[in-house]
Amino acid sequence: LMHGDLISVHLFEMTDYNPAVRIGLDGSVQLPLIGKVDLAGLTLAEAESRIAARLEAAGMYRNPQVTITLTESPNQVVTLSGEMHGVFPVTGSRRLYDIISAAGGLPSTASHVVTINRPGIAQPIIVDLGNNPATSATANIPVFAGDTIVISNAGFVYILGAFKTQTAVPIRQDTPLTVLQAAALGGGPGFEAKLGDMRLIRTEGVQRKVVRVDLKKNMDGK
């Protein structure tokens, strides 16, 4: 149970005790006869036991049988952010691929490394989806209500200059591009291109480095 949840409390064979209350920001509810009860973080069974113990301790009922019904829960959702956006209802648990599929699948700009932020866990959960279908089942972990799944950007290689198509190409850590592949994705060099003067500009920290590449030698397999 979490703040914002609306619950109905029932006592077996006691029709006069059936309050419907919403858990407040402090994690508690106000119930008839027993007052304030802290319920945040408890399961339904634990909350039932706590309320029953309070009713019995107050001398109101002997061995009360309490049943709680969760009638409304704005917290039972998983949130997608980053390169994908959405809020998806979850009852119990679902699998990571279920949520990604419900959002329409990974876009081409998305990294295959997914971060899951889970309430109560200090460190984020890092999941590498990979690109091998044979091992994909290991990445399909359960997700729970309250999780935030962050889909980061894959990063890009920018193809500029005397190429037939100047474009940005997403690149993933598990499937890096070669220079020839990047050139091919740019449609190949144009007629005005100097094949011996291709430049790879790379930023490392605050330093920018320029690497000269002879594309003709690459195309000749040298």
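Preceding block: the structure.
Description of the structure in this document. (Residues numbered from 1 in each chain as written. Predicted model: local features only at pLDDT ≥ 70, side-chain atom pairs only at ≥ 80, totals over all residues. Heavy atoms only, no water.)

## Looking at the nonpolar core
Part 1 of the argument: The biggest cluster of nonpolar side chains holds 20 residues, and the ones touching the most others in it are Val9, Tyr17, Leu31, Leu39, Ile51, Leu55 and Val66.
Part 2 of the argument: If you list the elements that add at least two residues to this core, you get strand S1 (6–11), strand S3 (28–31), helix H1 (44–57) and strand S5 (66–72).
Part 3 of the argument: Counting residues per element, this core draws most heavily on H1, which supplies four residues.
Part 4 of the argument: Setting aside residues no more than four positions away along its own chain, Leu55 makes contact with Leu11, Tyr17, Ile34, Met60, Tyr61, Pro64 and Val66. (Core = buried A, V, L, I, M, F, W, Y, C linked by side-chain atoms within 4.5 Å. Buried < 20%, exposed > 50% of the residue type's maximum accessible area, 1.4 Å probe, protein only. Helix = DSSP H or I, 4+ residues; strand = E, 2+ residues; numbered from the N terminus. Contact = heavy atoms within 4.5 Å.)

## Details of the packing of aromatic side chains
Each pair of aromatic rings is reported with the distance of its centres and the angle of its planes.
Part 1 of the argument: Evaluated as defined, the whole model comprises two aromatic pairs.
Part 2 of the argument: When the ring of Tyr17 is compared with that of Tyr61, the centres are 6.3 Å apart and the planes differ by 75 degrees; the resulting orientation is edge-to-face. Of this pair, Tyr17 sits in the loop between S1 and strand S2 (20–22) while Tyr61 sits in the loop between H1 and S5, and the two are 44 residues apart along the sequence.
Part 3 of the argument: Residue Tyr61 is classed as buried on the basis of its relative accessible area, which comes to 17%.
Part 4 of the argument: Each ring, one from Phe156 and one from Tyr158, has its centre 6.2 Å from the other, and the planes form 35 degrees; the classification is tilted. (Phe/Tyr/Trp six-rings, centres within 6.5 Å; stacked < 30°, edge-to-face > 60°.)

## Remarks on the pairing of strand S7 (residues 86–89)
Regular strands show a simple pattern: their side chains alternate between the two faces of the sheet.
Part 1 of the argument: Where strand S6 (residues 77–82) meets S7, four bridges bridge the pair, whose relative direction is antiparallel. Bridge pairing in S7 places Leu80 opposite Gly86.
Part 2 of the argument: Taking the residues that link successive antiparallel strands as the turn, the S6-S7 hairpin has three residues. (Pairing = 2+ DSSP bridges.)

## Regarding the sheet that holds strand S10 (residues 125–128)
Across a sheet, strands are paired by hydrogen bonds formed along the backbone, either parallel or antiparallel in direction.
Part 1 of the argument: Pairing is mixed in the open sheet, where five strands are placed in the order S7-S6-S12-S9-S10. Each of the sheet's edge strands pairs with one partner strand only, and the pair in question is S7 and S10. Averaged over all neighbouring strand pairs, the angle between strand axes comes to 20 degrees, with direction disregarded. (Axes fitted to C-alpha atoms, helices over the stretch in contact; angles between N-to-C directions.)

## Quick notes on unusual backbone geometry
Part 1 of the argument: If you check the backbone angles, Glu13 has positive phi at about 60 degrees while not being a glycine.
Part 2 of the argument: Mapped onto the secondary structure, Glu13 falls in the loop between S1 and S2.
Part 3 of the argument: Taking relative accessible area as the criterion, Glu13 reaches 67% and is therefore assigned exposed.
Part 4 of the argument: The phi angle at Leu33 is positive, at roughly 80 degrees, despite the residue not being glycine.

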